[in-house]
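Fold and contact review
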Amino acid sequence: MTPHRIMFWQIDYVWIFYVLAGLAAGIFLAGLAAHICVWKKRAGSREMSFSGDALKRTILDVFLGRRVLQGDMAAGLMHLFLFWGFLALFIGTALLAIHHYLISFLEGTSYLIFSMSMEVGGLMLLAGIIWAIVRRYIQRVPRLERRLEDALVPTWLLLAALSGFMLEGLRLAAQQPQWGAWSFVGWGLSGLFSSASAQALYPYLWWGHTVLSLSFIAVIPFTKLFHVLGAPAGIYFQGLSKPAIPGVAEGAGEFDLGDAIFFDGCMRCGRCVAACPSAGAGEPFAPRDFVQAMRRAVWQEHFPLGDIRFLSRGEESKVDENFWYCTTCRACLEVCPVYGAAFEVVTKKRVLAVEEGTQVPTLLNQTLEKVFKYDNPWESSRSKRGAWAEGLDLIDLSKRGAEADLCYFVGCTTSFDATAQVIARSFSEILRTAGVNFGILGKKEPCCGDIARRVGELGLFEEKMEGCCDLFDQYGITDVATSSPHCFHTFRNEYPEAPFKARHYTLVLRELMAQGKLQFKKKVEATVTYHDPCYLGRHNRIFDEPREIIRAIPGLRLVEMTHHRVDSLCCGGGGGRMWQDLDGEVKMSEVRVREAEATGAEILITACPLCLIMLEDARKAAGLKEPFRVMDLNELVLQTLDGADKKVEIRN
Ligand code: SF4
Ligand code: SF4
C-alpha cells in the first residue's frame, strides 16, 4: 500500500473542529488587529517603509537566531530549538491542510519524508520547551522571571507537543502501517498500547490535542508569545533609518511607531536587566520593567479595554518614577534581541517630565538652571571657566586676531572640576609638545548641551547647540578636539548641521602617533587596565584607538577586565546621573574599581572626565590604596614624552 495518512480518522462531528478552528483564527486575528490599531495610533512621523537591508537583518536574526545566540549561546540554542520546532510543525500542519483540501501530494515517498520531518520538528520543539523550563525553574537563571504567564506558556506548549506525539503513537498502534517506523517517536510510543485500546482512546486525545493547539494559537496576541510577530516587526523597524537628530522635534517626548512595536515585541527575556548597571547595583530600576510599564501605558491610552495581555494586567508600574536612574549607557541595546533602546524611551519620558515640570529631581532642576544661566552645570559663575589654563600660555581663540588650526573644546566638567582639570592641562601640554597649533575658547567656551539632551530638556539643548554653532562660526573654528566623550558624542551625532568636525582627544592622539609627531620615549613600568567610557566605546565604537595608544607606551602591560569593550560597565556618571543623588545597594563605580583591581593592574586608565571623577571617588570610598591608581590616558602619555613641561603636574 502507498504510504499515506487518513485525515480525521475515527473523528465524528468534524464540523465542531471547523467551528473551533474558525473561533481560534478569529480570536487570533482580532488580537492582531488590536495590535495594528494601537501601532497605527503611534505612527506619527515615522512609518513603515521598505528597506532591503532591514529585511535582510530581520531574516538573519529571526531564522538564524543571530541576535539571540550573541552573548548567551545556551539561551540562543534553546530559542532556536523552540523556533524551528514550532515553525516545522506549523508548516507541516499547513501542508496537511493543503493536501486534504486542495492538492493531494502527501503520498508515497513525499509522505515518508514529511513524517520524518515532523518527528524531527516535534523533537526540537520538545527539547526547546524542556530546556526553557529547566533554565527558568531548575537552573533559575537570574534574569528570567517566574510569573504565572511564564509557567503557563511552556506548560501549555509542552502538553500540546506531548499529546501530539502520544496521538501519533495511538494512531500507529491501531493502524500498524508498514511505514510506521518513519514516524519514529510515535512508533516507539505505539508499543505502549494494544490496538483496541489505542482505537478507543484516540478520539478523546485527538480532541484534547486539538483544543490545546488551537487555543494556544488563539492566545498568541494576548500574551508575551506575541513576540513571535512583534519581534520580527521590531527588528525590521529598528533597521530603518532614524531621524537626523533623534528626539529634537515637535512631540519629541511622544512614543512613535518604533517604540510601540518594540514594547509589543519585547519577550521579557531580561538580557537588558542582566546588562544594566543600574539594576546590577541594586537600584530600583530595570529596563525590562520600564519597557513593560510603557507598553501598558500605551495600551491603556489607545485601546478601549486597556492592556491586551490579560495575564499581566495586575502588574504594578513600579518603575514609573525611576527612569532617572538610567545612565543612558547603551548596554541594554547591545544585548536586546529586538534592538530595543530602552534608554531612548527613558529620554522620551524625561522630555515629558521636564515639559510637565513633574518628577524632575530637585538637584537636577538646579543644575539645568545653572546650565541655562551660567553655561555650565557646576558653578554659579562663568568667570572660573579658563582658570585651569593659568600659566600655560595658550592661545585664546576668543581674542581679536587669534588663530589656530585646532580648537581644544575643554568642556564644563574638565574646566571646573579639580580632579578632571588634569586632563586639560596634560592634553594641552601633549599638543604643545607635538607641535600642534591649537587654541582654547577660555571664558567664552559654552556648554555643548549634553546634560540638557540626556535629561530631556530639549529647549535648553537646542539653545546650547545654536550657541555653540554660532560661536564656532564667529571664530572660524572648523576642527574641534574634546576632552569628554559626551561633548564629542553630542557634537558628532546630535548637531545635524554642525559647521565643524569634532574628535575625541584619543582620536587626535592616535593621529599624532601615526604622523610621528608623538614619540613615546620614556618607559612607564606598570600593569594597567582600561575602562571604556560608554559614550566613547558603546555609543561611538571607539574601542581600539585608546588601546593602541596604551600599547605604544613603552613599559605598559595592558590587561583587560572581565567587562570590556562593548560589555564594559558604566561608571554611573552619564545620563545626568552626576547631578543626582540616587540610592542603590552598591555604587556602580565601586563595582567597576573592584573589577579593575581584581585584574592585578596598578593603574585603571580612562578617557572621560566623568569616569575619572566617579572612579577616583569610588577608589577612595572602597579604600583601594597605592599602588592602585585611577588615571586619565593623557596623564600617562605625558609621562612618556620627551620635552614635556614640568609645570604640568602628574597626580600620584
Ligand atoms: S527590552 Fe529587549 S532585552 Fe529587555 S526584556 Fe525586552 S526583549 Fe529582552
Ligand atoms: S542605558 Fe544603561 S542604565 Fe539605561 S537602561 Fe540601558 S543598560 Fe540600564
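Residues numbered from 1 in each chain as written. Chains lettered and ligands numbered in written order. Predicted model: local features only at pLDDT ≥ 70, side-chain atom pairs only at ≥ 80, totals over all residues. Heavy atoms only, no water.

**Here's the deal with the overall build of the protein**
The secondary structure content of the protein amounts to 26 helices and nine strands. C-alpha atoms of the protein, sized along the principal axes, occupy 100 × 55 × 45 Å. Evaluated residue by residue, the protein yields a buried proportion of 55% over its 652 residues. Pairs at least 24 apart in sequence give 77% of the contacts found in the protein among residues at least 6 apart. Accessible surface, the protein: about 28200 Å² in total, of which carbon and sulfur atoms supply 58%. (Helix = DSSP H or I, 4+ residues; strand = E, 2+ residues; numbered from the N terminus. Buried < 20%, exposed > 50% of the residue type's maximum accessible area, 1.4 Å probe, protein only. Contact = heavy atoms within 4.5 Å. Areas by Shrake-Rupley, 256 points an atom, 1.4 Å probe, with all protein chains shown as cover.)

**Some points on the site of ligand 2**
With respect to spatial proximity, the complete set of residues near ligand 2 consists of Cys276, Pro277, Phe285, Pro287, Cys326, Thr327, Thr328, Cys329, Arg330, Ala331, Cys332 and Phe343. Of the residues that constitute the shell around ligand 2, the class distribution is nine nonpolar, two polar and one charged. (Near = heavy atom within 4 Å. Nonpolar A, V, L, I, M, F, W, Y, C, P; charged D, E, K, R; others polar.)

**What about the sheet that holds strand E8 (residues 603-606)?**
What the four strands build is an open sheet, ordered E7-E6-E8-E9; its pairing is parallel. In this open sheet, the two edge strands, each paired with only one partner strand, are strand E7 (556-558) and strand E9 (629-632). On average, adjacent strands in this sheet sit at an angle of 35° to one another, irrespective of strand direction. Relative to E9, E8 runs parallel, the two sharing four bridges. (Pairing = 2+ DSSP bridges. Axes fitted to C-alpha atoms, helices over the stretch in contact; angles between N-to-C directions.)

**Focus: the domain arrangement of the protein**
According to the domain assignment, the protein contains domain 1 (14-231), domain 2 (254-356), domain 3 (377-513) and domain 4 (514-640). Between domain 2 and domain 4, the C-alpha centre-to-centre distance is 30 Å. Counting residues at the interface gives 17 residues for domain 2 and 18 residues for domain 4. In this assembly, domain 2 packs against domain 4 so that about 1400 Å² is buried in total across both faces, 53% of it on carbon and sulfur atoms. Counting the contacts that link domain 2 with domain 4 gives two salt bridges. A salt bridge links arginine 541 to glutamate 334; the nearest nitrogen and oxygen atoms lie 2.6 Å apart. The set of elements that each furnish at least two residues to the side of domain 2 that touches domain 4 consists of helix H12 (277-280), helix H14 (331-335) and helix H15 (342-356). Classifying every residue of the side of domain 2 that touches domain 4 gives nine nonpolar, four polar and four charged. (Domains from an automatic or database assignment. Buried area = accessible area lost by both parts, 1.4 Å probe. Salt bridge = Lys/Arg side-chain N within 4 Å of Asp/Glu carboxyl O.)

**Comments concerning the nonpolar core**
Residues Tyr408, Phe491, Tyr495, Leu518 and Val637 are the most contacted members of the largest nonpolar core, which totals 133 residues. Non-local contacts of tyrosine 495, meaning those with residues more than four positions away in its chain, are made with Cys448, Phe461, Lys464, Met465, Cys468, Cys469, Thr490 and Phe500. Met78, Leu125, Ala132 and Leu225 belong to the second-largest nonpolar core, a separate cluster that totals 16 residues. (Core = buried A, V, L, I, M, F, W, Y, C linked by side-chain atoms within 4.5 Å.)

**Regarding the packing of aromatic side chains**
Scanning the entire structure with this criterion turns up 33 aromatic pairs. Plain terms: the ring middles of tryptophan 388 and tyrosine 408 are 6.2 Å apart, the flat faces sit at 70° to each other, and that makes the pair edge-to-face. Of this pair, tryptophan 388 sits in the loop between helix H16 (362-374) and strand E1 (395-396) while tyrosine 408 sits in strand E2 (residues 406-409), and the two are 20 residues apart along the sequence. Both residues of the pair, tryptophan 388 and tyrosine 408, belong to the buried class. A ring pair is formed by tyrosine 495 and phenylalanine 500, whose centres lie 6.2 Å apart and whose planes are at 75°; its orientation type is edge-to-face. (Phe/Tyr/Trp six-rings, centres within 6.5 Å; stacked < 30°, edge-to-face > 60°.)

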